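Notes for the structure review
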Amino acid sequence: MQLDDDELAALREIAEHNRYDFFEVISFGKKIPTELKSARDGSLYVLSAQNRIRKVRVGEVLVCRLGRVRGEWRLMMDQGVGMYRPSAKDKSRMRKDFPVLDSQVVWRELVL
């Protein structure tokens, strides 16, 4: 299997721009983009139009990985683990008790 330059660039972009986190669903629907907000720092991510999440509700928190592909954010897994409307205590624990994983640091520590 041989990858062309465009495919290699897309893979490089995913490796450099991805995030595994707790994401709250801000908007969702057939005619509106899916918007996810990081429960840790409030960063907002708009998913590409063709990257829809199935059976999700506004207010739900998903644990999943997002990656940027050709300038658009996409889910890097079929479906994340969801929590419907977690309590304020749960959201506080998401921010404080779980480490933020930097993919570049993980790569250096585990692979190199």
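Just so it is clear, the model here is predicted, and its values are computed rather than measured. (Residues numbered from 1 in each chain as written. Predicted model: local features only at pLDDT ≥ 70, side-chain atom pairs only at ≥ 80, totals over all residues. Heavy atoms only, no water.)

Our next topic: the overall build of the protein. Scanning the protein from terminus to terminus reveals three helices and six strands. Seen in sequence order, the protein has helices and strands lined up from the N terminus as α-β-β-β-β-β-β-α-α. Here the protein, with 112 residues, has 33% of them falling under the buried criterion. In the protein, the proportion of contacts linking residues at least 24 apart, taken out of those at least 6 apart, comes to 52%. Within the structure as shown, the protein displays about 7,600 Å² of accessible surface, and the carbon and sulfur contribution to it stands at 54%. (Helix = DSSP H or I, 4+ residues; strand = E, 2+ residues; numbered from the N terminus. Buried < 20%, exposed > 50% of the residue type's maximum accessible area, 1.4 Å probe, protein only. Contact = heavy atoms within 4.5 Å. Areas by Shrake-Rupley, 256 points an atom, 1.4 Å probe, with all protein chains shown as cover.)

This part covers a nonpolar patch on the surface. A contiguous nonpolar surface patch, about 230 Å² in accessible area, is contributed by Leu3, Leu8 and Leu11. With respect to the element layout, Leu3 can be found in the segment before helix 1 (5-16). (Patch = residues over 30% accessible without salt bridge, like charges linked within 9 Å, V, L, I, M, F, W, Y side chains within 5 Å. Salt bridge = Lys/Arg side-chain N within 4 Å of Asp/Glu carboxyl O.)

What follows is about the pattern of salt bridges. The full count for this structure, using the stated rule, is seven salt bridges. Among the ionic pairs, Asp6 bridges to Arg70, the shortest N-O distance being 3.1 Å. With Asp6 in helix 1 and Arg70 in the loop between strand 4 (61-69) and strand 5 (72-75), this pair connects stretches of sequence that are 64 residues apart. Its relative accessible area of 46% is what places Asp6 among the partly exposed residues. In this structure, the salt-bridge partner of Arg74 is Glu72, at a minimum N-O distance of 3.5 Å.

Looking now at the environment of Lys55. Positionally, Lys55 belongs in the loop between strand 3 (44-46) and strand 4. Expressed as a C-alpha distance, the spacing of Lys55 and Phe28, which sit 27 residues apart in the sequence, is 9.9 Å.

This paragraph deals with the side chain of Glu13. Along the chain, Glu13 falls in helix 1. What makes Glu13 buried here is its relative accessible area of 15%. Once residues within four sequence positions are removed from consideration, Glu13 is found in contact with Arg68, Val69, Arg70 and Gly71.

Position of Gly29 among the secondary structure elements: in the loop between strand 1 (18-27) and strand 2 (35-38). Along the backbone, Gly29 and Arg54 are 25 residues apart, and their C-alpha atoms lie at a distance of 9.8 Å.

Now for the confidence of the model for the protein. Caution is warranted with low-pLDDT regions, since their predicted coordinates should not be read in detail. For the protein, the average pLDDT comes to 81, and 84% of its residues sit at 70 or higher. Per-residue pLDDT, averaged within each element of the protein, yields its smallest value for helix 3 (residues 103-110) (62) and its largest for strand 3 (94). (pLDDT = per-residue confidence, 0-100.)

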